[in-house]
Amino acid sequence: MGVRGGLPQVGGSSVIAAAKTLFWVAGGVVDVAVGYAERGTPLRSAALLSMGVLALAFAALTRLLGTRMPPWGRHALFVVATVFCTLTVLAVPRPLAALALAGGFAFVITDALVFYPLRQAITYVTVAVASCSAALLVRADVPWPDVLVHGIVLLAPMVIIANLVRRAANAHQDPLTGLANRRAFDDTLDTTLLEVARTGGAVSVAMIDLDHFKDVNDTAGHSAGDQLLQRLADSWSRQLPPSVHAARLGGDEFALILPGYDGPGAFDLVDSLRHVAISTLGIGLSCALAQARPRESPTELLRRIDVVLYQAKAAGRGRCLLIHDEHEQLAAELSSALLEAKALLDAAGGPVKSRSGSPAGTPTAAPALPGAELAQLQVHYQPIMDMVAGEVVGLEALLRWTHPVLGPQEPEAFVALAETEGVIGDLGAFVLARACRDAHAVQDAAGRRLFLTVNVSGAELTCEHYPDLLAETLQASGWPAAQLVLEVTESLIDADSAPALRALRRLRRLGVGVAIDDFGTGYSSLSRLDTLPASHLKLDHAFVATVTTSPSRARLVGAVVTLSRAFDLHLVAEGIETADQADALVRLGARLGQGFHYHRPQPLAGLLTTVTGSLRSHDEHSQA
C-alpha cells in the first residue's frame, strides 16, 4: 500500500515495478513477433522490430530502477507506453493485425485502472481509449463500427477486473486517508523483515502520533480532525519515496516501513515530515523509530519503538527519537538495578508486622535494609492527609530510579521501558513488597491504622496470576489486604478488558481497595464508575490547580465530591500545592488530599520523621 494521492492505491512499489516490467516485456515480444511476420514490408517491419527492441529496453530500465523509480517516472512511462501502442497500430500494414495489436492497449488501461488513484486513472484511461480509437480510424481500412466494438470489448473487462482488484485492496486500506490499514501494515512488515533476513540490508520502522489531536476533535469537531488526517496523508504523498510504506493504524496513529534505510537515514526523513507538518498543517508530531535487528520479530521491533514513542510524548511531545545502543544499554541497566534492589530486600528476611502496644511515634517496626539508601531503585512515599483533622491517614508508594551516570529518570519513561523489556511484573512485585514492609514502620510511627496505595500497570493486571502473587506478598509481609489500595490509571484499562476487570473484582473480594487514578481526565469517566470495582477516586491535579481561580471548576469539583459520596467512594485530591487550594477543597466537602503543600515524596527515613513530627504537632495542638 502506498500513500494516498501520489503513490499507488493497489500494491506496493515493488509490485508495481514488477507489473510494469511484465507489460513492457509482453509488448516488446508482440512487436518483435509482428515485425518479423511482416518481413514482406521492410520499412514497417523495421519500425515494428525497433519499437519491440525499445520496449524490451524500457522493461530492463523499469526492472533496474524498481522501487527507486520516482512518481513522475511512472507517469512518464505511462505516456510513453500509450505512444508506443498508438505507433504500433499505425505501423502494422494489415487491418486485422492492427485490431489485434490494438489489444496492447489492454496493458495500458490495466496499468491505469489498477495502479493509479481513481481520478488519474479515469484521465489516463480516457487518453488511452481515445488514442487507440484515433489510431484505428486514421488508418481508413478499419470501419468505425469495428473500432467501437473493439473499444467496448477492450474496456469492459478491464473495468470489471480493476473494480475487483480495488475492492480486494480496500480490505487493506484505510478508508479515510487511503493509506494502508493495520492489517496491511502487519503483512507488509512481516514480508519486509523476512526479505531483509534473506537478502541482508537495512530496514527501519517509525511510529508517529499527532500531538494534541483530541483537542482538534473537541474544539473544531470530528470533521475537522478527519480533514487534518487526510491533509497529512496527502502531504506525505509529495514527500515520501515510492519505496516507503505508510499506514494509518487507527485514530491519530501512523506508521512507516522504510526499506533500505538505516536508523540515521530514517531519522532524517521522518524528522523532515515532522517539520513540514508543523509549518504547513500547524500540528506537531511525536515520532519514534528504530532499525530492525537481525532476525528480530515484528512484535519485538514494535515493542521497542512503543516505549520510545512514550518517552517522546512524556518529554514534551513534538520530537523525533531514534532507538540506539544507549537506549538498549539503559534497559539492561534497569534490569541490573532491579536485581540489586530485590537482593537487598530478600536479604532483610521474613515477614514484618506492626507491633501492637508500641508507643506512638516509635518507628522501629521494620529492620533496616543494609545499603538500601545507596541503591539505584528506591521507593519513596507521599503522605495522604485528612485535611480536616490535619493527620496522616495514608501513604502512596512511588518508585524512583537514580541512574549512577544519568541521574534521576522520569518514572513514566522507565516504567514504559520495563513494560517493553518484559520486567514490569518483577518491578511491580518489588515495589509492592518493599512498600508493604515499610508501611509497618510508618504505621507504628503514626500510632494509627494507615492505608497504603500502590500503582499497578495495565500489563500487570492482565497477567492471569497477578491476584495470586499479590495475595502471597500480603501474606509474606503481614500487611492487611483491607489497608492496601491499588491505583489504576483509568486510561490504561479498556472497559472491555475482561482479564483486567476479572483481576480487579477478584482483588476486591480479597479486601483490597481499588483507586481510579487521574479521575476526570480519562475516557468516559462517569460510565466507568459502574463497571470498575473501585473504592477510591483520585481527583486529577488539573482540577485542584484551578479550584481557586475558576468558579466552574470549583462547581465541578463539588459535583465530583457529591458523586463520590453517592457511590460510597473515598475521594483523594491530588496535587495540592497551596493552602488556598486545600481550604477550597475542604469547603467543597473534600476530606482527603496529598500534594507538595503538605509533603513531598520522600524515602522511608524522611517519612518517619515527618509522621512523628506531624503526630507531635497534632498532640500539642490538641492540648492547647
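Here the structure is shown first, and the text comes after it.
This one's a predicted model, so the numbers in the text were calculated from it and none came from an experiment.

Cut-offs used in this document
Residues numbered from 1 in each chain as written. Predicted model: local features only at pLDDT ≥ 70, side-chain atom pairs only at ≥ 80, totals over all residues. Heavy atoms only, no water. Helix = DSSP H or I, 4+ residues; strand = E, 2+ residues; numbered from the N terminus. Buried < 20%, exposed > 50% of the residue type's maximum accessible area, 1.4 Å probe, protein only. Contact = heavy atoms within 4.5 Å. Areas by Shrake-Rupley, 256 points an atom, 1.4 Å probe, with all protein chains shown as cover. Pairing = 2+ DSSP bridges. Axes fitted to C-alpha atoms, helices over the stretch in contact; angles between N-to-C directions. Polar contact = N/O pair within 3.5 Å; in protein donor to acceptor, adjacent residues only side chain to side chain. Salt bridge = Lys/Arg side-chain N within 4 Å of Asp/Glu carboxyl O. Expected span 1.5 Å × (residues − 1). Arc of directions from axis to C-beta.

## A closer look at the overall build of the protein chain
Line of reasoning, step 1. Looking only at helices and strands, one finds 23 helices and 14 strands in the protein chain.
Line of reasoning, step 2. Within the protein chain, buried positions represent 50% of all 624 residues.
Line of reasoning, step 3. In the protein chain, the proportion of contacts linking residues at least 24 apart, taken out of those at least 6 apart, comes to 70%.
Line of reasoning, step 4. Summing over all exposed atoms, the protein chain offers an accessible surface of approximately 28700 Å²; the carbon and sulfur share of this is 59%.

## Here's the deal with the sheet that holds strand β3 (residues 253-259)
Line of reasoning, step 1. Pairing within the open sheet is mixed, and its five strands lie in the order β2-β3-β1-β4-β5. Each of the sheet's edge strands pairs with one partner strand only, and the pair in question is β2 (245-250) and β5 (320-322). Pairwise comparison of adjacent strand axes, ignoring direction, gives a mean angle of 20 degrees for this sheet.
Line of reasoning, step 2. Looking at chain direction, strand β1 (residues 203-210) and β3 are connected through seven bridges and run antiparallel.

## Some points on the side chain of Gln 378
Line of reasoning, step 1. Along the chain, Gln 378 falls in strand β6 (residues 377-386).
Line of reasoning, step 2. Reaching out from Gln 378, the side chain makes a polar contact with the backbone oxygen of Ala 375 at a distance of 3.3 Å.

## Comments concerning the pattern of salt bridges
Where side chains of opposite charge bring their charged atoms close, a pairing between them can arise.
Line of reasoning, step 1. All chains considered together, the criterion is met by 13 salt bridges.
Line of reasoning, step 2. Between Arg 591 and Asp 386 there is a salt bridge, with its nearest N and O atoms 2.9 Å apart. Of this pair, Arg 591 sits in the loop between α22 (579-587) and β14 (592-593) while Asp 386 is found in strand β6, placing the two residues 205 residues apart along the sequence.
Line of reasoning, step 3. Given the relative accessible area of 42%, Arg 591 is considered partly exposed.
Line of reasoning, step 4. Between Asp 468 and Arg 506 there is a salt bridge; the shortest N-O distance is 2.3 Å. Separated by 38 residues along the polypeptide, Asp 468 in helix α17 (residues 466-477) and Arg 506 in helix α18 (residues 498-509) bring together distant segments of the chain.
Line of reasoning, step 5. Overall, Asp 468 belongs to the partly exposed group, its relative accessible area being 31%.
Line of reasoning, step 6. Within this structure, Glu 396, Glu 487, Lys 538 and Glu 574 form a network of salt bridges that share partners.

## Observations concerning α17
Line of reasoning, step 1. Along its 12 residues, α17 runs 16 Å from first to last C-alpha, staying within 8% of the 16 Å computed at 1.5 Å per residue.
Line of reasoning, step 2. Within α17 the residues assigned to the buried category are Tyr 466, Pro 467, Leu 470, Thr 473, Leu 474 and Ser 477. In a view along the axis of α17, the buried residues occupy a sector of 125 degrees, so they form one face of it. The exposed set on the far side of α17, more than 90 degrees from its buried face, consists of Glu 472 and Gln 475.
Line of reasoning, step 3. Contact partners of the buried residues in α17: α15 (424-446), α16 (458-461), β10 (484-489) and α18.
Line of reasoning, step 4. Looking one or two residues past α17, Gly 478 carries a phi angle of roughly 80 degrees, positive in sign.

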